[in-house]
Amino acid sequence: MNAPLHRLAEVAADPDAYVVAWKQSHPGRKVAGVLPMNFPEELLHAAGFLPVVIQENRDPDSDGRVILAEFYCGYTRNLADQAAKGKLDIYDTYFVADHCVQLLGAADVMRFKAPGTPIYFGQFIASMSEESTARKVRNEMEHIVGEVERGAGTPIDRERLAESIRLYNTDRRLLRMIFDARREGRIHLSGAQMQDLVKSSMVMDKAEHVALLEQLLTEGIAAGGSQARVKLHLSGHFCHAPKQELLDLIEDCGAMIVDDDLYHGRRYITTDVREDLDPIEALSTWYFDRNVNVPCPTRVQHDADWDTYLSNAVSESGADGVIVLMAKFCEPHMLLYPELRKMMDERDTPYLLIETEHEGLPMETIRTRIEALVERISRKATVAAAL
Ligand code: SF4
C-alpha cells in the first residue's frame, strides 16, 4: 500500500487517535463532533473548528446498552455507548442538523452524559417540495450559522466561509475523480480502501486530506480489476460505515464493487456547494442539490426518488447486481426499501438485502447468501450469452 493510502487508512481505522493528536498539535483550537448526515461542515471549518463526523467505533456496546431501546439502530446505540464511556469527551462541542428520531435520541444521551459539552441543534425541513421549503431552509441555515457563531464565540467571516467552501469542493472533486475511475474500471481499489478515502475525509483536517489525495493521484493507483468478476453496486447504509470485513467478504465471494450510494461513499461526496452565490445562499442550495443528486429516504421530494437514481446508477456503471446494506432498525431505509425492490424486480436486476448490526454479523450465513447472488448473476450471464 502506498504512503497516502496507508495514512488515510490509519486515520479511518482510529478517528479518535487523530482527533487527540490534532488537538495536541493545535493548542487552543476546538474540535466539533458532527452527527450525520446533513450538517454543513464548511460553516464549522470557517469558524475555526475541526469538524469531525462522529464515527461508530469497534468496541462492543456495554455501558450504553441499557440507555437506548433495542430497536434503535446500531449507530445510535453505539453513540450512546461511547457517550456513557466518556469516549466522546474528546469533542469540545456537538452539532446536529437532522431529525431522525433515533439520532435525536442519541443526541439526548450525549447531552445527558456530558452536560458540560454544548450541543447545538438545527433541523432542516424534510419535505422538499412545499412552496415554503426554500424559505424555511434559508431561515434554518441562518439559524445554524448563529448556532455555529455562538459555539465559536465569534462571527463567521464570509470570505473565510467562501474559502472553506472551495476547499471542501476540492476534496469532494478529488474523491469523485477516484470514484469515477473505479466505476469506469480504470483503477482498482477495494471496497474497504474506498471507504477509507471517505471516512478519513469525514475526520481529517480538510487541507491535509486534500494534500494526501493529490499525492495519491500523483503517485497513481493500481489499474482496473478483473472484468471477469461479477460487478456490484452497494446501496444504502446511512450514518455509519459498513464493517470492512463485510466489504472484504463481498469481494472474496468473486464480486467487484464498481459503485455505491453509501453515506461513507458517493452520498457524502457527490454534491458541491456553488461558488458563484452568496455562501449562505449556496449552502441552502446545496441542501436541495444533494437530495437531487443522491436522493435520501429521510427527505420527501416529488421530483427526486432514490429508486430512479439507483436504476440510473446501475445502468451507468454496468453493475450486474445490487447489494442493499441496511442498518437494522433504520426506519427511513426500511420504509423505502419496498420501492427499491419493486424497481429492481421490474428491471430484472438481481439483488440481495443484508441487514447490519453493530455487533455479531453472521458472516458465514452472509457468505452463503452473497455466493448465491454471485452464482445467480453468473448463470444469468451464461444463459444470456447462449441465446
Ligand atoms: S442509520 Fe438510520 S435510524 Fe440510524 S440514525 Fe441514521 S437515519 Fe436514523
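Residues numbered from 1 in each chain as written. Predicted model: local features only at pLDDT ≥ 70, side-chain atom pairs only at ≥ 80, totals over all residues. Heavy atoms only, no water.

Overview of the domain arrangement of the chain
Per the domain assignment, the segments making up the chain are domain 1 (10-156) and domain 2 (227-386). Here the C-alpha centre of domain 2 lies 25 Å away from the C-alpha centre of domain 1. The contact between domain 1 and domain 2 buries some 3,100 Å² in all, and 58% of this surface belongs to carbon and sulfur atoms. It is Met37, Met128 and Arg138 that lose the most area in domain 1 upon contact with domain 2, and together they represent 24% of the buried surface on that side. Counting every contact that joins domain 1 to domain 2 gives five salt bridges. Breaking the side of domain 1 that touches domain 2 down by element, the ones donating at least two residues are helix H3 (41-46), helix H4 (74-84) and helix H6 (133-152). The leading source of residues in the side of domain 1 that touches domain 2 is H6, at seven residues. (Domains from an automatic or database assignment. Buried area = accessible area lost by both parts, 1.4 Å probe. Salt bridge = Lys/Arg side-chain N within 4 Å of Asp/Glu carboxyl O. Helix = DSSP H or I, 4+ residues; strand = E, 2+ residues; numbered from the N terminus.)

A short note on the pairing of strand S3 (residues 93-96)
Burial of S3 is two-sided: the residues Thr93 and Phe95 facing one way and the residues Tyr94 and Val96 facing the other way are all buried. Summarising the sheet, strand S1 (residues 31-34) and S3 pair through three bridges and their orientation is parallel. Across the sheet, alanine 32 pairs through a bridge with threonine 93, a residue of S3. The pairing of S3 with strand S4 (residues 119-121) spans three bridges and is parallel. Bridged to valine 96 within S4 is phenylalanine 121. In this region the chain leaves S3, passes through helix H5 (residues 101-113) and returns to the parallel neighbour S4; the handedness of that crossover is right-handed. (Buried < 20%, exposed > 50% of the residue type's maximum accessible area, 1.4 Å probe, protein only. Pairing = 2+ DSSP bridges. Right-handed = clockwise from strand over helix to strand, strands pointing away.)

Regarding the site of the ligand
Close to the ligand lie Cys73, Thr76, Cys100, Gln102, Leu103, Phe238, Cys239 and Cys330, which account for all nearby residues. Partitioned by chemical class, the residues of the shell around the ligand number six nonpolar, two polar and no charged. Looking at which domains feed residues into the shell around the ligand, each of domain 1 (10-156) and domain 2 (227-386) supplies at least three. (Near = heavy atom within 4 Å. Nonpolar A, V, L, I, M, F, W, Y, C, P; charged D, E, K, R; others polar.)

Remarks on the sheet that holds strand S5 (residues 230-236)
Reading across from one edge, S6-S5-S7-S8 is the order of the four strands in this open sheet, with parallel pairing throughout. Unpaired on one side and paired on the other, strand S6 (255-260) and strand S8 (351-356) mark the two borders of the sheet. For this sheet, the mean inter-axis angle between neighbouring strands, taken without regard to orientation, is 30°. Of the strand pairs in this sheet, strand S7 (residues 321-327) and S8 are connected by six bridges, and their pairing is parallel. Pairing of alanine 327 across the sheet is with threonine 356, part of S8. Here helix H15 (residues 363-386) sits on the sheet in contact with S5, S6, S7 and S8, set at roughly 165° to S8. (Axes fitted to C-alpha atoms, helices over the stretch in contact; angles between N-to-C directions. Contact = heavy atoms within 4.5 Å.)

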